[in-house]
Amino acid sequence: MDRLLENFLNLSVMAQAWPTVLQGFGLTVLVSVLVIVFGLALGLGLAVLRSMKKRVFDLLIVAWVDLFRTLPQLVIIIFLYFGMPYIGLTLSPFVTTVIALGAVLSAFACEIFWSAIQALPRGQWDAAKALGFGPMRMLFKIILPQAWRLAIPMLTNRAISISKGTALGTAVSLPETLGQAQSFMSLVANPSPLTLAAALYLVLFLPLVVASRWIEHASSKGR
């Protein structure tokens, strides 16, 4: 037990690591927020384009969704960071991680939004047409507000799951929570900074997990 405490709960080492790991935690929060905003906005946009039922849009969107739902997140991050310079586009670790994880989230969000739109009764569309609503007005005034309510529980769970992938940014030297903890661990030859990083991840994601469960419960009661 003493060895365990010495290696993973060394308070002296954790106190030294705290400023460094906390700095990385701030970056983790920022990246997570941007990934969620970017991913959900792009996913909603793709679902709206798909609802127009244009064959070209549909084929391109399905290809995007299948690609980013299939590839591992780490593969996408590494490809963007190391592959884009060959076509003259150099991305920072920060931008690479946001784009890669946001693209993955957009693929899942598009499918979730599209499924929610398709789940609405056909009568909603017919009633809107009878009232003289145009396609865009119908979509944004009638369909999407209802689809959003159906999609929220699944979107929340998926957004949390993918935003936890910010730790994968360490593969391209993103100085987020895990990366900073690993760097400090190598300096002091003690893994206690990893325990500190784990605690900060709990502080960030545990309330989100609890909130997502509450949202899912409230949504099911509403139906």
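Predicted model only: the values in this text are computed from it and were never measured.

**Some points on helix α8 (residues 177–188)**
Side chains of residues three or four places apart in an α-helix project in the same direction, reflecting 3.6 residues per turn.
Thought 1: When the terminal C-alpha atoms of α8 are compared, their 17 Å separation across 12 residues agrees well with the 16 Å that a helix rising 1.5 Å per residue should span.
Thought 2: Along α8, the residues that are buried comprise Thr177, Gly179, Gln180, Ala181 and Phe184.
Thought 3: Just beyond α8, the residue with positive phi is Ala189, at close to 55°.

**Thoughts on a nonpolar patch on the surface**
Thought 1: On the surface, a cluster of nonpolar side chains totalling about 570 Å² of accessible area is made up of Met52, Val56, Phe57, Leu60, Met136 and Phe140.
Thought 2: Those elements giving two or more residues to the nonpolar patch turn out to be α3 (55–70) and α7 (135–163).

**Focus: the pattern of salt bridges**
Thought 1: Summed over the entire model, instances satisfying the criterion amount to 3 salt bridges.
Thought 2: Residue Asp58 is joined to Arg50 by a salt bridge in which the shortest nitrogen-to-oxygen separation is 3.0 Å.
Thought 3: Judged by relative accessible area, which is 14%, Arg50 ranks as buried.
Thought 4: The salt bridge partner of Glu111 is Arg50, with a shortest N-O separation of 2.9 Å. Of this pair, Glu111 sits in helix α5 (residues 93–119) while Arg50 is found in helix α2 (residues 11–51), placing the two residues 61 residues apart along the sequence.
Thought 5: On the basis of relative accessibility, which here comes to 22%, the residue Glu111 falls in the partly exposed class.
Thought 6: The network of salt bridges with shared partners includes Arg50, Asp58, Arg69 and Glu111.

**Observations concerning the UniProt feature "transmembrane region" (unreviewed entry) in the protein**
Thought 1: Here the UniProt feature "transmembrane region" (unreviewed entry) sits at residues 20–49, 56–82, 94–117, 138–156 and 194–215.
Thought 2: Secondary structure content for residues 56–82 is 93% helix and 0% strand, and the end C-alpha separation is 31 Å.
Thought 3: Secondary structure content for residues 94–117 is 100% helix and 0% strand, and the end C-alpha separation is 33 Å.

**Points about the layout of surface pockets**
The gaps left among the atoms become clear once a water-sized probe is rolled over them.
Thought 1: Empty space within the largest pocket amounts to approximately 310 Å³.
Thought 2: Lining the largest pocket are 15 residues, and of these Ser51, Lys53, Arg122, Trp125 and Met138 lie nearest its centre.
Thought 3: Elements represented by at least two residues in the lining of the largest pocket include exactly α5, α6 (122–130) and α7.
Thought 4: A per-element tally of the lining of the largest pocket places α7 first, with 4 residues.
Thought 5: By residue class, the composition of the lining of the largest pocket is 10 nonpolar, 2 polar and 3 charged.

**Some points on the packing of α2 against α5**
Thought 1: Interhelical geometry of α2 versus α5 gives an angle of 40° and a closest axis separation of 6 Å. The angle between α2 and α5 falls in the class oblique. Seen from above, α2 lies across α5 with right-handed handedness.
Thought 2: Classifying every residue of the contact of α2 with α5 gives 23 nonpolar, 6 polar and 2 charged.

Each value, and the rule that gives it
Residues numbered from 1 in each chain as written. Predicted model: local features only at pLDDT ≥ 70, side-chain atom pairs only at ≥ 80, totals over all residues. Heavy atoms only, no water. Helix = DSSP H or I, 4+ residues; strand = E, 2+ residues; numbered from the N terminus. Expected span 1.5 Å × (residues − 1). Buried < 20%, exposed > 50% of the residue type's maximum accessible area, 1.4 Å probe, protein only. Patch = residues over 30% accessible without salt bridge, like charges linked within 9 Å, V, L, I, M, F, W, Y side chains within 5 Å. Areas by Shrake-Rupley, 256 points an atom, 1.4 Å probe, with all protein chains shown as cover. Salt bridge = Lys/Arg side-chain N within 4 Å of Asp/Glu carboxyl O. UniProt positions renumbered as here; feature names shortened; annotations may be inferred. 1 Å grid on protein atoms, 1.4 Å probe; cavity = no way out; pocket = protein on both sides within 12 Å on 5 of 7 lines; lining within 4 Å. Points joined across faces, edges and corners; volume = space filled by probe spheres on them. Nonpolar A, V, L, I, M, F, W, Y, C, P; charged D, E, K, R; others polar. Axes fitted to C-alpha atoms, helices over the stretch in contact; angles between N-to-C directions. Parallel < 35°, antiparallel > 145°, perpendicular 65-115°, else oblique. Left-handed = near helix turned anticlockwise from the far one by under 90°.

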